[in-house]
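As a plain string of letters, each chain reads:
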Amino acid sequence: MAPRIKRPGRAAPAALTAESPCPCGLPAAFGECCGRFHSGEEAAPTAELLMRSRYSAFVARDAAYLLRTWHSSTRPPHLELDEAMRWSGLEITDTTDGSAFHPRGTVTFRARYRHHGQRGELHERSEFAREGGGWVYVDGEFL
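Before going into details, it helps to say that this report is about the structure given with it. Residues take numbers from 1 onward in each chain, read along the sequence in its written order. Local features in this predicted model are restricted to residues whose pLDDT is 70 or higher, and side-chain atom pairs enter the listing and the counts only when it is 80 or higher, whereas totals over whole chains, interfaces and linings include all residues. Where side-chain values are given, they derive from all heavy atoms of the structure, hydrogens and water being excluded.

On to the overall build of the protein chain. Helix and strand definitions follow DSSP, with helices as H or I runs of at least four residues and strands as E runs of at least two, each counted in order from the N terminus. Along the backbone of the protein chain there are three helices and four strands. In summary, the protein chain has a C-alpha radius of gyration of 16 Å against a globular reference of 15 Å for 143 residues, a match within 12%. The principal-axis extent of the C-alpha atoms belonging to the protein chain is close to 65 × 35 × 30 Å. Burial status follows relative accessibility: with a 1.4 Å probe on protein chains alone, a residue under 20% of its type maximum counts as buried, one over 50% as exposed, and anything between as partly exposed. Residues counted as buried form 34% of the 143 residues belonging to the protein chain. Any two residues whose heavy atoms approach within 4.5 Å at even a single point are treated as in contact. Intrachain contacts of the protein chain at a sequence separation of at least 6 include 43% that bridge at least 24 residues. Counting only carbon and sulfur atoms, one obtains 53% of the accessible surface of the protein chain, whose full area is about 8700 Å². The protein chain carries 18 positive and 18 negative side-chain charges, and their two centres are separated by 9 Å. What the globule rule says is 2.2 Å times the number of residues to the power 0.38, and the radius of gyration is computed from C-alpha atoms. Note on areas: these come from Shrake-Rupley sampling with a 1.4 Å probe, and a residue is covered only by the protein chains present in the view. Neither His nor the chain termini are counted; the positive set is Lys and Arg, and the negative set is Asp and Glu. Note that the charge is assigned to NZ on lysines, CZ on arginines, CG on aspartates and CD on glutamates.

The following block contains the structure:
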């Protein structure tokens with residue numbers, strides 16, 4: 001039997017640590033940026049920061065955080081993340097409202113990925129609302 005050859009780009013991503021660069025694209029370490037929201041230490045103060053932290057949760061495969069930050073009216077009962085999905089970059093292209101002074105907000109973004117070796121991009125306008133005093137994801141529209 002021939003030895004199995006490992007192909008470049010197929011390895012599982014390294015686990016995020018507090019010192020890792022944050023996947024959301026802001027110039028901070030994960031622990032100081034999105035990691036503080038994932039841990040429950042703090043809640044995201046704006047819709048955009050919640051969007052960034054949810055993207056980081058997809059990178060980290062943190063389904064519990066994604067469900068915890070999903071609006072109760074649209075939250076699925078469970079979430080299975082595709083192990084073959086490799087998220088590689090986030091670009092926020094627009095935000096509307098979503099500050100401490102707003103009850104709702106939208107964030108438009110592009111998220112790049114590789115899935116089974118094929119490159120792709122998710123372009124979405126996400127809707128966020130306040131629930132229980134914190135920001136949560138309501139739903140999104142693919143653009």
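Read on, since the account is not over.
Side-chain atoms within 4.5 Å are what join buried Ala, Val, Leu, Ile, Met, Phe, Trp, Tyr and Cys residues into a set we call a nonpolar core. If you look at the biggest cluster of nonpolar residues, it comprises 19 residues, and the most contacted ones within it are Leu-50, Met-51, Leu-90 and Phe-128. Those elements that place two or more of their residues in this core are α2 (47–60), α3 (63–68), β2 (104–115) and β4 (134–142). Looking at this core element by element, the count peaks at six residues for α2. Listed in part, the five residues of the second largest apolar core include Cys-22, Cys-24, Cys-33 and Cys-34.

This next bit is on the state of the cysteines. Counting rule for disulfides: a pair of cysteine sulfur atoms within 2.5 Å. A full pass over the atoms with the stated rule returns zero disulfides. Between Cys-33, a cysteine without a disulfide, and Cys-24, which holds the nearest cysteine sulfur, the sulfur-to-sulfur distance is 3.7 Å. Its sulfur unpaired, Cys-34 is 3.6 Å from the next cysteine sulfur, which belongs to Cys-22.

With that out of the way, let us pick up the sheet that holds β4. Two strands are counted as paired when DSSP detects at least two bridges linking them. Spatially, the four strands line up as an open sheet ordered β1-β2-β3-β4, and their pairing is antiparallel. On the outer flanks of this sheet lie β1 (85–97) and β4, each paired with one strand and no other. Within this sheet the neighbouring strands show an average axis-to-axis angle of 30°, counted without direction. Pairing geometry for β1 and β2, over 11 bridges, is antiparallel. Note that in β2 the partner of Glu-91 across the bridge is Arg-110. Here, axes are lines fitted to C-alpha atoms. For helices the fit covers the stretch in contact, and angles between N-to-C directions go from 0 to 180 degrees. Here α2 sits on the sheet in contact with β1, β2, β3 (118–131) and β4, set at roughly 170° to β1.

The subject of this paragraph is α2. Expected helix span is computed as 1.5 Å times (number of residues minus one). Under the 1.5 Å per step criterion, the end-to-end length of α2 is 20 Å for 14 residues, consistent within 8% with the ideal 20 Å. Along α2, 10 of the 14 residues are buried, which leaves the element largely enclosed by surrounding structure. Within the sequence span of α2, burial applies to Ala-47, Leu-49, Leu-50, Met-51, Arg-52, Ser-53, Arg-54, Tyr-55, Ser-56 and Ala-57. Contacts from the buried residues of α2 go to α1 (35–38), α3, β1, β2, β3 and β4. Just beyond α2, the residue with positive phi is Arg-61, at close to 60°.

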